[in-house]
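Structural description and commentary
Below are the chains, spelled out letter by letter.
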Amino acid sequence: MQRHNDEIEKLKIPSAYVALMHQSLRSIMIPGTSTADIEKFVRDFAKRNGVTCAQIGYKGYPFATCAAVNDVIAHGFPNPTPLQDGDIVTIDTVFDVDGWKGDSAWTYAIGQVDECAKRLLDVTKQCLYKGIDKARVGNRTGDIGCAIQTHAELHGFSVARDLLAHGIGRHIHEPPVFQHFGEPGTGHLLQEGMVITIEPMINEGTFDMYLDEDGWTVRTLDGKRSAQFEHTIVITDTDPLILTDQNK
């Protein structure tokens with residue numbers, strides 16, 4: 001879906017709050033903090049700033065955040081277990097302001113992590129920006145996926161399947177919906193004014209996964225770690241515009 005300039009201006013607001021939340025969250029991402037503590041932090045941040053946590057109640061999901069620790073790829077429930085030195089944890093949330101949504105996930109290293117975890121986080125973030133670089137008018141979603149897959153596999157990692165990038169606007173998930181792997185020149189045509197997420201989940205081992213008994217938590221089949229970085233972006237007539245940029 002192509003958005004008018006006034007709609008993009010409205011999407012900038014919740015996206016900026018999500019970025020600010022992630023900036024603020026860094027201070028508590030230390031050993032001993034639990035993902036339940038992080039959930040409370042995010043809810044309190046939203047309340048202070050007058051924004052709505054859009055994930056609460058979405059398709060029955062009960063939390064403001066998805067908290068993915070170590071082998072969890074996505075949709076992990078926050079819980080009171082303290083994070084340990086060496087863990088990695090992805091926090092994914094969506095804020096709503098006046099019916100418009102902003103979405104971003106970020107993986108955090110807790111304390112001192114091993115070299116493979118550092119490399120996984122570095123490569124995953126690089127995959128995000130390589131995908132964003134392909135998000136240009138006239139390209140297709142397969143160009144984004146190919147750039148991500150090529151870079152991940154070059155470094156010996158794999159791209160999680162069936163966990164998708166998507167359009168965003170009035171709803172969390174809008175067309176186009178697409179994978180983070182694929183062939184160049186395939187998929188949905190990218191047009192000026194489209195607002196999408198790019199959110200690669202990169203696994204240390206196999207891309208195979210399974211669903212926990214809670215019906216939400218997705219884990220790597222081999223028990224190895226997974227990382228994710230996500231931005232909400234706009235396709236423009238020049239470079240992609242990152243709405244959830246934390247460096248503004």
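Here, the structure is the one placed above.
Residues numbered from 1 in each chain as written. Predicted model: local features only at pLDDT ≥ 70, side-chain atom pairs only at ≥ 80, totals over all residues. Heavy atoms only, no water.

Moving on: the pairing of strand 4 (residues 88–97). If a strand is regular, its side chains alternate between the two faces of the sheet. The buried count for strand 4 comes to 10 of 10 residues, which makes it a mostly enclosed element. On strand 4, burial covers both faces: Ile88, Thr90, Asp92, Val94 and Asp96 on one face and Val89, Ile91, Thr93, Phe95 and Val97 on the other are all buried. Where strand 1 (residues 52–53) and strand 4 come together, two bridges link them in antiparallel fashion. Residue Cys53 lies in a different strand from strand 4, and its bridge partner there is Phe95. Pairing analysis gives five bridges linking strand 2 (residues 65–69) to strand 4, with the strands arranged antiparallel. Within the sheet, the bridge partner assigned to Ala68 lies in strand 4 and is Thr90. Alignment of strand 4 against strand 5 (residues 100–109), held across 10 bridges, turns out to be antiparallel. Each bridged residue has a counterpart across the sheet, and for Val94 the counterpart in strand 5 is Asp103. Between strand 4 and strand 5, which pair antiparallel one after the other, the connecting turn spans two residues, and Asp98 there sits at a positive phi close to 55 degrees. (Buried < 20%, exposed > 50% of the residue type's maximum accessible area, 1.4 Å probe, protein only. Helix = DSSP H or I, 4+ residues; strand = E, 2+ residues; numbered from the N terminus. Pairing = 2+ DSSP bridges.)

Attention now goes to unusual backbone geometry. Following Pro175, the chain continues into Pro176 via a peptide bond in cis, with omega recorded as 0 degrees. With respect to the helices, strands and loops of the structure, Pro176 is situated in strand 8 (residues 174–178). Notably, Asn70 is not glycine yet its phi reads approximately 60 degrees, a positive angle. Along the chain, Asn70 falls in the loop between strand 2 and strand 3 (72–74).

Further remarks concern the nonpolar core. In globular proteins that are soluble, nonpolar side chains generally tend to be buried together. One finds Phe95 and Ile198 to be the most contacted residues of the largest nonpolar core, which totals 48 residues. Secondary-structure elements contributing two or more residues to this core are helix 1 (5–25), helix 2 (35–49), strand 4, strand 5, helix 3 (115–133), helix 4 (141–154) and strand 9 (195–198). With seven residues, helix 3 is the single largest residue contributor to this core. Ranked by size, the runner-up nonpolar core spans seven residues in total, among them Leu11, Trp100, Val195 and Val234. (Core = buried A, V, L, I, M, F, W, Y, C linked by side-chain atoms within 4.5 Å.)

Next up on the list: the packing of aromatic side chains. In total, this model carries six aromatic pairs according to the counting rule given. For the pair Phe45 and Phe95, a centre-to-centre distance of 5.9 Å together with 10 degrees between the ring planes defines the contact as stacked. On the criterion of sequence distance, the pair formed by Phe45 in helix 2 and Phe95 in strand 4 is long-range, its members being 50 residues apart. Grouping residues by exposure puts Phe45 and Phe95 together as buried. Arranged with centres 5.6 Å apart and planes meeting at 75 degrees, the rings of Tyr61 and Phe77 form a pair that is edge-to-face. (Phe/Tyr/Trp six-rings, centres within 6.5 Å; stacked < 30°, edge-to-face > 60°.)

Function cannot be read off these values alone, since they describe shape.
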